[in-house]
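Analysis of the macromolecular model
Below are the chains, spelled out letter by letter.
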Amino acid sequence: MKYLLTIVLAVSSITIAQDTPQIPGWGVYVGGAMNGIAVDPDPEGMTYGRELNMPFVGVSRGIQIPGFPIPLLVGGGLGMRGYNVEYDGTDAKGSMSSNWLDVWATVPYPVGPVIAQVGLVYGTGLGSGKSKYEANGETTEEDLEGEFGDETDLGLLLGGAYPINEKIGINFGYALGLKDHGSDGVKMQYNGLYLLLGYNF
């Protein structure tokens with residue numbers, strides 16, 4: 001199925017000592033996201049909305065590249081993409097969620113108690129997921145089947161991390177898809193809002 005909506009995994013927790021961010025070691029994260037899709041021009045007779053997808057799980061690590069003055073947060077994990085759609089003038093609606101593997105890298109920058117982050121995420125579809133269609137009081141569900149790597153995506157990450165303590169942090173932000181997945185003159189770019197809980201070892 002071509003109309004996959006991306007949400008991306010993002011950033012791990014980061015620790016703070018005074019005002020100076022320290023590079024975290026290995027960490028894990030879990031959370032969810034509200035997925036959406038930007039369609040241009042707007043489709044007639046359909047209204048796209050956001051779909052809650054969870055859980056997202058992954059690992060992270062802080063690294064310092066020799067000669068590069070700014071530390072990086074890198075990681076990867078399993079997540080989901082999805083969206084919902086309503087058909088104008090009817091009671092029909094549908095939704096789709098798919099499973100992806102994401103790898104990402106962000107640059108942290110301290111802004112008061114929050115660590116602002118900007119970076120990129122690259123996603124590869126796992127070829128699995130579910131779709132649902134509801135109309136006239138009946139619901140039809142279908143398993144999505146494909147191959148690993150049938151779809152890929154590139155996105156921009158804009159977010160932040162709020163450390164609760166030296167080990168635990170809350171991560172939040174917005175993922176903006178940069179790749180056009182549309183056809184026949186219709187532009188489709190995935191996006192999503194994410195919220196994650198991270199733990200550093």
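Cut-off values and rules
Every chain begins its residue count from 1, and numbering advances along the sequence as written. Totals for whole chains, interfaces and linings use all residues, but because this is a predicted model, local features are given only for residues with pLDDT of at least 70 and pairs of side-chain atoms are given and counted only at 80 or more. To get the side-chain values, all heavy atoms of the structure are used, and hydrogens and water are removed first. As a per-residue measure, pLDDT tells how confident the predictor is, with possible values from 0 to 100. Residue contacts are defined here by distance: any two heavy atoms, one from each residue, within 4.5 Å place the two residues in contact. Take the buried Ala, Val, Leu, Ile, Met, Phe, Trp, Tyr and Cys residues and link them wherever side-chain atoms come within 4.5 Å; each set so joined is a nonpolar core. Each residue is assigned to one of three classes by its accessible area relative to the maximum for its type, calculated with a 1.4 Å probe on protein chains only: buried under 20%, partly exposed between the two thresholds, exposed over 50%. Secondary structure elements follow DSSP: runs of H or I no shorter than four residues count as helices, runs of E no shorter than two count as strands, and numbering proceeds from the N terminus. To count toward a patch, a residue needs a relative accessible area above 30% and no salt bridge. Like charges then connect within 9 Å, nonpolar side chains (Val, Leu, Ile, Met, Phe, Trp, Tyr) within 5 Å. Using the Shrake-Rupley algorithm and a 1.4 Å probe, accessible areas are obtained, with residue cover drawn only from the displayed protein chains. A carboxyl oxygen of Asp or Glu within 4 Å of a side-chain nitrogen of Lys or Arg is what we treat as a salt bridge. Aromatic contacts are taken between Phe, Tyr and Trp rings whose centres are within 6.5 Å, Trp giving its six-membered ring; a plane angle under 30 degrees counts as stacked, one over 60 as edge-to-face, and the others as tilted.

It is worth spelling out the confidence of the model for the chain at this point. When pLDDT is averaged along the chain, the result is 86; 89% of the residues meet or exceed 70. Within the model, pLDDT remains below 50 along residues 1-20, and this stretch shows 103 contacts once partners closer than five positions in the same chain are excluded.

Bringing the nonpolar core into the picture now. General note: in soluble globular proteins, nonpolar side chains tend to be found buried as a group. Grouped together as the largest cluster of nonpolar side chains are 11 residues: Y29, A33, F56, L73, M80, W104, V121, L157, A175, Y194 and L196. Mapped onto this core, the elements with two or more residues apiece are β3 (27-40), β6 (72-87) and β12 (187-200).

Where nonpolar side chains cluster on the molecular surface, the patch consists of V30, V57, L78, L101, F148, Y162, I164, I170, F172, L195 and L197 and spans about 950 Å² of accessible area. At the level of elements, β11 (168-177) and β12 are the ones that each hand at least two residues to the nonpolar patch. Turning to its location among the elements, F172 is positioned in strand β11.

Moving on: the pattern of salt bridges. Inspection of every chain in the model, using the stated rule, returns 3 salt bridges. In this structure, the salt-bridge partner of K130 is D143, at a minimum N-O distance of 2.6 Å. Placement of the pair is K130 in strand β8 (residues 114-135) and D143 in strand β9 (residues 138-145), with a sequence separation of 13 residues. For D143, a relative accessible area of 48% translates into the label partly exposed.

In this section: the packing of aromatic side chains. A full pass over the atoms with the stated rule returns 4 aromatic pairs. For the pair Y29 and W104, a centre-to-centre distance of 6.2 Å together with 55 degrees between the ring planes defines the contact as tilted. Here Y29, found in strand β3, pairs with W104, found in strand β7 (residues 93-111); they are 75 residues apart in sequence, far enough to count as distant. Both residues of the pair, Y29 and W104, belong to the buried class. Taking the centre distance of 5.5 Å and the plane angle of 80 degrees together, the rings of Y199 and F201 count as edge-to-face. The exposure class assigned to Y199 is partly exposed, which follows from its relative accessible area of 36%. Take F201: its relative accessible area is 57%, and that puts it in the exposed class.

Along the chain, D40 connects to P41 via a cis peptide bond; the corresponding omega equals 0 degrees. Looking at the secondary structure, you find P41 in the loop between β3 and β4 (46-49). Residue P55 follows M54 across a cis peptide bond; omega there is 5 degrees. Positionally, P55 belongs in strand β5 (residues 51-63). Of note, D184 is a non-glycine position whose phi angle comes to about 55 degrees, a positive value. Among the secondary structure elements, D184 is positioned in the loop between β11 and β12.

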